[in-house]
Amino acid sequence: MGYDKIDEKGIIQQPSAPSGVGVQHVVGQPVVLVQQPKVEWNIGLFDCFQDCGICCDVCWCGLCIMSRQCESIVNNNQDTFNVPLCCGLWLAQVFIGAASTCLFTWVLRDKARHKYNIEGDGCSDCCAVTFCGACVVCQLQRETLSRGDNPGYCCCNPSNPPVVVAGGAPAQPGYVPAQPGYVPQQPVYQQGYGTQQPVAYPQPPPAVAYPQPAPAPAV
């Protein structure tokens, strides 16, 4: 008694608690999941003309841009051109029709909403893709740039890319980015009981004014 036993199947059996001895069950603390609030789109659906370069790139190389967006949004690959996906979208558009492209754009917008925690639902995505499919692709291109991702471009460079700061939000007016190599100084704290107190660094002693010698008398 007190040792583990091995049954016929080779399974180790734990010994049972002796009589009169209670078994204490330890219950862990409950895990509280805090859901982050939804945010709005940084780029509006009809803001496509704010960047003529992206607008022309979507009009001339829409399938290539969508394959790049898929790599950036779904696979987190920056500035990557997925050639097999682009060819598959072209073949699906030829043999199935424009409905295949609309379906892929709808799924891509849904993935972007969930990745960046943007408000909306599948119904709004479906309506936007059905009536303004090209505007949705332009919106996704500028939205990924404003969130810190870089899907890249094909034919035209972005003429007015959105400015990105920490957190993926657009820069506010008057924002000045930090210079390269700048490291913010963090306050130093000392560990102790209760709250942490900042370390008081010793200050240099004040300068001592030494008496000056009296001038020599004139002869």
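All of these numbers come straight from a predicted model, not from anything done at the bench.

J.: Report on the pattern of salt bridges, specifying residues and quantitative values.
T.: All chains considered together, the criterion is met by 7 salt bridges. Salt-bridge contacts for Asp79 lead to Arg68; the nearest nitrogen and oxygen are separated by 2.9 Å. In this pair, Asp79 sits in the loop between helix 2 (62–73) and helix 3 (83–95) while Arg68 sits in helix 2, placing the two residues 11 residues apart along the sequence. Linked through salt bridges whose partners overlap, the residues forming this network are Arg109, Asp110, Arg113 and Asp125.

J.: Please give an account of the packing of helix 2 against helix 4 (residues 98–116) that cites residues and values.
T.: Two elements in contact, helix 2 and helix 4, have axes separated by 10 Å at closest approach and are oriented at 30°. Between helix 2 and helix 4, the angle falls in the class roughly parallel. Helix 2 and helix 4 meet at a crossing whose hand is left-handed. Residue-level inspection shows Leu63, Met66, Gln69, Cys70, Ser72 and Ile73 of helix 2 in contact with helix 4, the latter providing Thr101, Phe104, Thr105, Leu108, Lys111, Ala112, Lys115 and Tyr116. For the contact of helix 2 with helix 4, the per-class residue count stands at 8 nonpolar, 4 polar and 2 charged.

J.: Please provide a residue-by-residue account of the state of the cysteines, values included.
T.: The full count for this structure, using the stated rule, is 0 disulfides. In this model Cys59 remains outside any disulfide bridge; the closest cysteine sulfur is found in Cys55, 4.5 Å from its own. For Cys127, which is in no disulfide, the shortest distance to another cysteine sulfur is to Cys123 and amounts to 4.5 Å. Classification of Cys127 by relative accessible area gives partly exposed; the value is 39%.

J.: Any chance you could break down the environment of Arg113 for me, citing the residues and the numbers?
T.: Structurally, the position occupied by Arg113 is in helix 4. Sequence spacing of Arg113 and Leu140 is 27 residues, and the spatial spacing of their C-alpha atoms is 9.8 Å. A distance of 2.7 Å separates a polar atom in the side chain of Arg113 from a polar atom in the side chain of Asp125.

J.: Break down helix 6 (residues 133–146) for me, citing the residues and quoting the values.
T.: Along its 14 residues, helix 6 runs 20 Å from first to last C-alpha, staying within 8% of the 20 Å computed at 1.5 Å per residue. Inspection of helix 6 places Cys135, Val136, Val137, Cys138, Gln139, Leu140, Gln141, Arg142, Glu143, Thr144, Leu145 and Ser146 among the buried residues, and these make up the whole buried set. Of the surrounding secondary structure, the elements contacted by the buried residues of helix 6 are helix 1 (52–60), helix 2, helix 4 and helix 5 (122–131).

Conventions and cut-offs
Residues numbered from 1 in each chain as written. Predicted model: local features only at pLDDT ≥ 70, side-chain atom pairs only at ≥ 80, totals over all residues. Heavy atoms only, no water. Salt bridge = Lys/Arg side-chain N within 4 Å of Asp/Glu carboxyl O. Helix = DSSP H or I, 4+ residues; strand = E, 2+ residues; numbered from the N terminus. Axes fitted to C-alpha atoms, helices over the stretch in contact; angles between N-to-C directions. Parallel < 35°, antiparallel > 145°, perpendicular 65-115°, else oblique. Left-handed = near helix turned anticlockwise from the far one by under 90°. Contact = heavy atoms within 4.5 Å. Nonpolar A, V, L, I, M, F, W, Y, C, P; charged D, E, K, R; others polar. Disulfide = S-S within 2.5 Å. Buried < 20%, exposed > 50% of the residue type's maximum accessible area, 1.4 Å probe, protein only. Polar contact = N/O pair within 3.5 Å; in protein donor to acceptor, adjacent residues only side chain to side chain. Expected span 1.5 Å × (residues − 1).

It is worth stressing that arrangement in space is one thing and function is another; only the former is reported here.
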